[in-house]
Amino acid sequence: RNLNTQPIGGKATSFYSADLWNLKYLSKFKWNHLTEKISYDNLVRRQKLQAEVSQAKKERDFYLDKVQLSKHLRRKEEREKDGGSAD
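The paragraphs below set out a description of the structure included in this document. Nothing here was measured: the structure is a model prediction, and the numbers come from that model. (Residues numbered from 1 in each chain as written. Predicted model: local features only at pLDDT ≥ 70, side-chain atom pairs only at ≥ 80, totals over all residues. Heavy atoms only, no water.)

**Re the overall build of the protein chain**
Summing up its helical and strand segments, the protein chain has one helix and zero strands in all. Across its three principal axes, the protein chain shows a C-alpha extent of roughly 100 × 35 × 15 Å. Counting over 87 residues, the protein chain shows a buried share of 1%. Carbon and sulfur atoms make up 55% of the accessible area of the protein chain, which amounts to about 8,700 Å² in all. (Helix = DSSP H or I, 4+ residues; strand = E, 2+ residues; numbered from the N terminus. Buried < 20%, exposed > 50% of the residue type's maximum accessible area, 1.4 Å probe, protein only. Areas by Shrake-Rupley, 256 points an atom, 1.4 Å probe, with all protein chains shown as cover.)

As structure tokens, then:
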């Protein structure tokens, strides 16, 4: 049965009762083509998210290393300052 341009139907009070089906037959199209595309898209999305998280971790580690270095240098300067005034 061809559903294209046929009313969706149902009760007259239904929201979709006056709408029409709009379908197109896709020759040589198989359901697994659609599922493969969906799984591929999910894989790509997961890889992008993983790369983004990895980049954020690298930036966080870089920042924390710089904070530690700053603390170390500040303590070293304070020790040199205190040691220099005592002599």
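**Comments concerning the environment of Ser54**
Mapped onto the fold, Ser54 is located in helix α1 (residues 31–86). Judged by its relative accessible area of 33%, Ser54 falls in the partly exposed class. Counting along the chain gives 18 residues from Ser54 to His72, while the straight-line C-alpha distance between them is 27 Å.

**Some words on the pattern of salt bridges**
Under the defined criterion, the tally for this structure stands at two salt bridges. The closest approach of N and O atoms between Arg60 and Asp61, which form a salt bridge, is 3.1 Å. By relative accessible area, which is 46% here, Arg60 ends up partly exposed. (Salt bridge = Lys/Arg side-chain N within 4 Å of Asp/Glu carboxyl O.)

**Notes on a positive patch on the surface**
Among the surface-exposed residues, Lys71, Arg74, Arg75, Lys76 and Arg79 lie close enough to one another that they form a single positively charged patch. Note that Arg74 resides in helix α1. (Patch = residues over 30% accessible without salt bridge, like charges linked within 9 Å, V, L, I, M, F, W, Y side chains within 5 Å. Lys, Arg positive; Asp, Glu negative; His and termini not counted. Charge placed at Lys NZ, Arg CZ, Asp CG, Glu CD.)

**Focus: a nonpolar patch on the surface**
A contiguous nonpolar patch, built from Ile8, Phe15, Tyr16, Trp21 and Leu23 and spanning about 550 Å² of accessible area, is present on the exposed surface. Tracing the backbone through its elements, the reader meets Phe15 in the segment before α1. Here Phe15 falls in the exposed class, since its relative accessible area comes to 70%.

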